[in-house]
Amino acid sequence: MKKYRLLVTVIIAMGIILIGTSNPLTNFYKGTNLINKPINKKEDTNKQKEFLICIDPGHQERGDSKLEPVAPGSSSQKARVSSGATGVGTKKPEYVLNLEASTVLKHILKGKGYKVIMTRETNNVNISNSERALFANKEKADMVIRIHADSIDNSSKTGASILVPSKNSQYTSNIYENSNKCAESIKKNMEKSNININGIFERGDLTGFNWSNVPVVLVEMGFLSNYEEDRMMSSPDYQRKLMQSISDGVEEYFTNK
Ligand SMILES: [Zn+2]
């Protein structure tokens, strides 16, 4: 009986505490879901994730040497698309490596909540450089990230390079500023991850830039002509680290936009 009385006392005490700490007004609003609306900051973050990113894994299984204009209305022409370089040690073709890395980048960006589209998800395609740019234009991508790997007749040359459209080109002056801002942000995040990087370079000769109406950055991940870097670029760990730094850079660009 004594035990029973103790139990009743405890229950009453808990009841008093509960009533004391609850605010009936708050509970009312909670019930109507009026105070659970996201605060502005959170709405901004969600809005940021509505950005659409187009990834273009460079090259394809078979090049197409038919010509296309290097810019809208230009009489200067270049091959539609090539198959790219080959790893000096791994013998892996660039188009394979580019798609591998691009797929990693896609998953990381999607994980961050971005909408992502790809110009290609297989190697057996025929999409020219201008067609890739036109695809991103049509989809109104907020940023295009082109993934490539370098090759040069000098096996000691290493490091990633970031290419942006030319500031003074009649075709790309309007997309230069945002492209370069994103490139700067990617470079900063690559440096934070201790990735060997040569710098940001403006290019006025790339068809894929000249046809673009939306900001675009091309990342040359490293040199396939260097044994060490060729092997490193095929390592899943290094690919993840590199693509993480690119996606962090993209995120920082959109956050500061
Ligand atoms: Zn390439």
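Attention here is on the structure that accompanies the text. Treat the numbers as computed from the prediction; the structure is a model and nothing was measured.

Cut-offs and rules
- Within any chain, residue numbers begin from 1 and follow the written order of that chain's sequence.
- Totals for whole chains, interfaces and linings use all residues, but because this is a predicted model, local features are given only for residues with pLDDT of at least 70 and pairs of side-chain atoms are given and counted only at 80 or more.
- Based on all heavy atoms of the structure, the side-chain values leave hydrogens and waters out of the count.
- Each metal's donors comprise the N, O and S atoms found within 2.8 Å of it (within 3.2 Å for Na, K or Ca). Water is not part of the atom list, so some coordination spheres may appear incomplete.
- A helix here means a DSSP run of H or I that spans at least four residues, while a strand means a run of E at least two residues long, and both kinds are numbered starting from the N terminus.
- Here's how the labels work: a residue is buried when its accessible area is under 20% of the maximum for its type, exposed when over 50%, partly exposed in between, all with a 1.4 Å probe on protein chains only.
- Think of it this way: DSSP has to see at least two bridges between two strands before they count as a pair.
- Axes here mean lines fitted to C-alpha atoms, for a helix over just the part in contact, with angles spanning 0 to 180 degrees between N-to-C directions.
- Working rule for contacts: check all heavy atoms of both residues, and any pair within 4.5 Å makes them a contact.
- What the arc measures is the spread of directions leading from the helix axis to the C-beta atoms.
- Angles below 35 degrees are treated as roughly parallel, those above 145 as roughly antiparallel, those between 65 and 115 as roughly perpendicular, and all remaining angles as oblique.
- Two helices crossing with the near one rotated counterclockwise from the far one by less than a right angle form a left-handed crossing, whereas a clockwise rotation gives a right-handed crossing.
- Classes in brief: Ala, Val, Leu, Ile, Met, Phe, Trp, Tyr, Cys and Pro nonpolar; Asp, Glu, Lys and Arg charged; the others, Gly included, polar.
- Definition of nonpolar core: a set of buried residues of the types Ala, Val, Leu, Ile, Met, Phe, Trp, Tyr and Cys, connected through side-chain atoms within 4.5 Å.
- A pair of aromatic rings is counted whenever rings of Phe, Tyr or Trp (Trp by its six-membered ring) have centres within 6.5 Å, and the orientation is called stacked for planes under 30 degrees apart, edge-to-face for over 60 and tilted otherwise.

Some remarks on the coordination of the zinc ion
Turning to step 1, where the next piece is worked out: In this structure, His59 (NE2), Glu94 (OE) and His148 (ND1) serve as the protein donors to the zinc ion, at separations of 2.1 to 2.2 Å.
Turning to step 2, where the next piece is worked out: Within one chain, the residues donating to the zinc ion are spaced in sequence as H-x34-E-x53-H. Of the two residues, histidine 59 is situated in the loop between strand E1 (52-57) and strand E2 (64-69) and histidine 148 in strand E5 (residues 143-150); the sequence distance between them amounts to 89 residues. In this pair, the class of histidine 59 matches that of histidine 148, namely buried.

Examining the sheet that holds strand E8 (residues 216-223)
Turning to step 1, where the next piece is worked out: The six strands are arranged E4-E1-E5-E8-E6-E7 in an open sheet whose pairing can be described as mixed. Each edge of the sheet is formed by a strand with only one pairing partner; in this case those strands are strand E4 (115-118) and strand E7 (197-203). Looking at each pair of strands side by side, their axes are set apart by 20 degrees on average, direction ignored.
Turning to step 2, where the next piece is worked out: Packing of helix H4 (residues 94-111) onto the sheet brings it into contact with E1, E4, E5 and E8, and relative to E5 it is tilted by some 145 degrees.

Side note on helix H5 (residues 129-138)
Turning to step 1, where the next piece is worked out: Every buried residue of H5 is accounted for by Asn129, Ser130, Arg132, Ala133, Ala136 and Asn137. The buried residues of H5 occupy one face: seen down the axis, they fall within an arc of 160 degrees.
Turning to step 2, where the next piece is worked out: Of the surrounding elements, those touching the buried residues of H5 are E1, E2, strand E3 (77-81), E5 and helix H7 (207-210).
Turning to step 3, where the next piece is worked out: Looking one or two residues past H5, lysine 140 carries a phi angle of roughly 55 degrees, positive in sign.

Considerations on the packing of helix H6 (residues 173-192) against helix H9 (residues 236-256)
The packing of two helices is summarised by the inter-axis angle and the distance between the axes.
Turning to step 1, where the next piece is worked out: Orientation of H6 relative to H9, taken along the N-to-C sense of each, is 135 degrees, at an axis distance of 7 Å. Relative to H9, the element H6 is oriented oblique. In the packing of H6 onto H9, the handedness of the crossing is right-handed. Contacts from Asn178, Lys181, Cys182, Ser185, Ile186, Lys188, Asn189, Met190 and Lys192 in H6 reach Leu242, Ser245, Ile246, Asp248, Gly249, Val250, Glu252 and Tyr253 in H9.
Turning to step 2, where the next piece is worked out: Across the contact of H6 with H9, the residue classes break down as seven nonpolar, five polar and five charged.

Observations concerning the nonpolar core
Turning to step 1, where the next piece is worked out: Counting 38 residues, the largest nonpolar core has Ile145, Ile147, Met190 and Ile246 as the members making the most contacts within it.
Turning to step 2, where the next piece is worked out: Listing elements by their share of this core, those giving two or more residues are E1, H4, E4, E5, strand E6 (160-165), H6, E8 and H9.
Turning to step 3, where the next piece is worked out: Grouped together as the second largest cluster of nonpolar side chains are 13 residues, Ala136, Val144, Val214 and Leu218 included.

Points about the packing of aromatic side chains
Turning to step 1, where the next piece is worked out: Within this structure, the stated rule accounts for three aromatic pairs.
Turning to step 2, where the next piece is worked out: A ring pair is formed by phenylalanine 51 and phenylalanine 254, whose centres lie 4.2 Å apart and whose planes are at 15 degrees; its orientation type is stacked. Of the two residues, phenylalanine 51 is situated in the loop between helix H3 (40-48) and E1 and phenylalanine 254 in helix H9; the sequence distance between them amounts to 203 residues.
Turning to step 3, where the next piece is worked out: Ring centres of tyrosine 114 and phenylalanine 254 lie 5.7 Å apart, and the angle between their planes is 40 degrees; on these two criteria the pair is classed as tilted. Within this pair, whereas tyrosine 114 is found in the loop between H4 and E4, its partner phenylalanine 254 is found in helix H9, the two being separated by 140 residues in sequence.
Turning to step 4, where the next piece is worked out: Classification of phenylalanine 254 as buried rests on a relative accessible area of 3%.

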